[in-house]
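Breakdown of the fold
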Amino acid sequence: MRLDKKLVLTLILVLTVTTAAILVWAQDQRRQNTAKVLEDLKPFAQVYERIVDYYVTEVETEEIIEAAIDAMLEELDSHSIYLSKHEWENLMIDTRGEFGGLGITISIRDDFPTVISPIEDTPAYRLGIQGGDQIVEIEEESTEGWNSEQAVSKLRGQPGTQVDITVYREGLEDSLYFTVMREIITVPSVPYMENLNGVGYIRVSRFGERTADELEEAIVTLERQGVDGLILDLRSNPGGLLDAAREVSELFLGRDTLIVYTESRIPDGNQKFVSTARRVHDRSPLAILVNGASASASEIVAGALQDWDKAIIVGQPSFGKGSVQTVFQIEGGSALKLTTMKYFTPVGRSIHKDEKDDEDGEEAALEEREEFRTAAGRTVYGGGGITPDWEIDLPEFTDLQRRLELRGVFFSFAVHYTAYHEVDENFQVTDEVLEEFTDFLEEKKIEVEDEDWTEENLDYARLGIKREVFRKLFGAKGAFIATLSSDEEINRVLEMFDNTSNLTEMFDYAKEREKLAEASVDGE
């Protein structure tokens, strides 16, 4: 059919005029917004000027400006925050997964920056720097009393540059001196994977630019070993990039499958994210572990796979962060992390937890939350985070366990113990080791009554000591090696894999276990 030439020209003219009108309207809106912002800022500018000119003592102008910004953001939500230059740089390191430095994780212990563990195949690792080493000088300047931020700012730098450090290592009389050449340090998103008797275990610690690539590499490695299932551990994973969550979800969801969608008062913020996957790893059942510290991108992945019945979610309800933040750079090197969108799972759930619930310490009961249906018709819930398909209640920390962890004594004891004993991968916490540990607590003036040493606390101490000794010996991987076999949730999931062959059976298995747990509580 031929269109009338006059009609075509008329349509083009109308479209051009309409587009021009929209652009003019948008520009006019921006001008109006800018004018209103400038008008609203007048009282603030006048107050600021009077403080600078007339306050009784001279003020640090940067500090009061930051205080004003923080106060303004407190009126919004807890995820909208102002980032200092240092915090902005750290955020970029978290998302990119790399920085120029030595390759060590540090914390402040006994008033000095202390190496928790070196990262494998980095300058610090190759020079023999160990967990527990106290960095007492950087470039001949004492580090006593420094905080972590001060130490990190001195240790990081351009790749190819050098830094001199002096280290105190317990058990040695003399200090150690190192000249370390900085390199690009890559921080893995997947710090550990293991074949647990035919079930692949993969720990994902954050969602950055390379997370999906690292995860797929781990999955392929385990598939080549012939595993019959996968455990994806997202416990205490705070999240990260929305794009990383999409890319990870694509590893398990077929092409054109909806992963997540966002809504915003800005039209550009209304987006649908669908899978563009060419290869999907869905040949074997998948279990995802979450807990109350699994947030953001972790919840996007768990929610998408739960909605499409592609994984069984196990653990405790997740954090409940159903919003997306955009980072705007601010003049001077700082940045604004601002909530700009809310996200929804494929079936339309917002899993955002009301901040009032957090303040009250109460969570809405399941019957009070909105119900949705998965692709297979299973019931899932909106609000209050991702509710696991199999919720496992774990015992709370005892007062003694909490005290020992907060004081970092397991790490300190591991540093002390390994300085005077030969240890290897066969290390076990014997009664003699426990006795030495209690003596160590006395030396550190950490009071523990005899009656506090219940069997539960003794078992916890054994595990804590082994975890930190292995971390000292083998770095971050060592902590996983030491604790994985004692992880109650993982052991229960492995038992589920032993008794089922597919996800449908796993969903039924989880229901039965939850009924048994409820009956046990009712019978007490």
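Below you will find a few notes about this structure. (Residues numbered from 1 in each chain as written. Predicted model: local features only at pLDDT ≥ 70, side-chain atom pairs only at ≥ 80, totals over all residues. Heavy atoms only, no water.)

Taken N-terminus to C-terminus, the directions of helix 11 (residues 409-420) and helix 13 (residues 455-474) make an angle of 60°; their axes are 8 Å apart at the nearest point. The pairing of helix 11 with helix 13 is recorded here as oblique in orientation. Seen along the crossing, helix 11 lies across helix 13 with a hand that is right-handed. Within the contact between the two elements, helix 11 uses Phe-410, Phe-411, Phe-413, Ala-414, Val-415 and Thr-418 and helix 13 uses Tyr-460, Ala-461, Gly-464, Ile-465, Arg-467, Glu-468, Val-469 and Lys-472. In the contact of helix 11 with helix 13, the residues fall into nine nonpolar, two polar and three charged. (Axes fitted to C-alpha atoms, helices over the stretch in contact; angles between N-to-C directions. Helix = DSSP H or I, 4+ residues; strand = E, 2+ residues; numbered from the N terminus. Parallel < 35°, antiparallel > 145°, perpendicular 65-115°, else oblique. Left-handed = near helix turned anticlockwise from the far one by under 90°. Contact = heavy atoms within 4.5 Å. Nonpolar A, V, L, I, M, F, W, Y, C, P; charged D, E, K, R; others polar.)

For side chains bearing opposite charge, pairing can occur when the charged atoms are close. If you walk through the whole model with that rule in mind, you get 25 salt bridges. A salt bridge links Glu-489 to Arg-235, with the shortest nitrogen-to-oxygen separation between them at 2.8 Å. In this pair, Glu-489 sits in helix 15 (residues 488-499) while Arg-235 sits in the loop between strand 12 (229-233) and helix 7 (242-250), placing the two residues 254 residues apart along the sequence. For Glu-489, a relative accessible area of 3% translates into the label buried. A residue is classified by how much of its surface remains accessible, and Arg-235, at 12% relative accessible area, is buried. Salt bridges linked by common partners bring Arg-203, Asp-233, Arg-235, Asp-487 and Glu-489 together as one network. (Salt bridge = Lys/Arg side-chain N within 4 Å of Asp/Glu carboxyl O. Buried < 20%, exposed > 50% of the residue type's maximum accessible area, 1.4 Å probe, protein only.)

Moving on, we come to the nonpolar core. Among the nonpolar cores identified, the biggest contains 39 residues, and Ile-202, Leu-215, Leu-232, Phe-252, Leu-286, Ile-288 and Leu-305 are the most heavily contacted of them. Listing elements by their share of this core, those giving two or more residues are helix 6 (211-224), strand 12, helix 7, strand 13 (258-263), strand 15 (286-290), helix 8 (297-307) and strand 18 (335-344). Counting residues per element, this core draws most heavily on helix 8, at six residues. Sequence-distant contacts of Leu-286, defined by excluding residues within four places in its chain, comprise Leu-230, Leu-232, Phe-252, Leu-305, Lys-310, Ala-311, Ile-312 and Leu-503. Formed by 24 residues, the second largest nonpolar core is a distinct cluster that contains Leu-404, Val-429, Val-433 and Ile-446. (Core = buried A, V, L, I, M, F, W, Y, C linked by side-chain atoms within 4.5 Å.)

Another aspect to go through is the sheet that holds strand 12. Read across the sheet, six strands follow the order 10-11-12-15-16-21 without closing on themselves; strand pairing throughout is mixed. Two strands bound the open sheet, and with one partner strand each, they are strand 10 (192-196) and strand 21 (390-391). In terms of strand pairing, strand 15 meets strand 16 (residues 312-315) through four bridges, oriented parallel. Its bridge partner lying in strand 16, Ile-288 is registered against Ile-313. (Pairing = 2+ DSSP bridges.)

It is worth spelling out helix 15 at this point. Within an α-helix, residues lying three or four positions from one another point in the same direction, as the helix has 3.6 residues per turn. Under the 1.5 Å per step criterion, the end-to-end length of helix 15 is 17 Å for 12 residues, consistent within 8% with the ideal 16 Å. Sitting at the head of helix 15, Asp-487 places a side-chain oxygen 3.1 Å from the backbone nitrogen of Glu-489. (Expected span 1.5 Å × (residues − 1). Polar contact = N/O pair within 3.5 Å; in protein donor to acceptor, adjacent residues only side chain to side chain.)

Moving on: the packing of aromatic side chains. Inspection of the entire model under this criterion finds 13 aromatic pairs. Measuring from ring centre to ring centre gives 5.3 Å for Tyr-261 and Phe-344, while their planes differ by 15°; the resulting arrangement is stacked. Taken together, the residues Tyr-261 in strand 13 and Phe-344 in strand 18 connect sequence positions 83 residues apart. Like Tyr-261, the residue Phe-344 is buried in the burial classification. For the pair Phe-413 and Phe-440, a centre-to-centre distance of 5.5 Å together with 65° between the ring planes defines the contact as edge-to-face. Remark: Phe-440 occurs in helix 12 (residues 431-443) and Phe-413 occurs in helix 11; sequence separation between them is 27 residues. Put simply, the rings of Phe-397, Phe-410, Phe-413, Tyr-417, Phe-427, Phe-437, Phe-440, Trp-453 and Tyr-460 pair up and form one aromatic cluster. One residue, Arg-156, lies across the ring of Phe-99, its end atom 4.3 Å from the ring centre. We note Arg-378 situated over the ring of Phe-507; from NZ or CZ to the ring centre the distance is 3.7 Å. (Phe/Tyr/Trp six-rings, centres within 6.5 Å; stacked < 30°, edge-to-face > 60°. Lys NZ or Arg CZ within 6 Å of the ring centre and 35° of its normal.)

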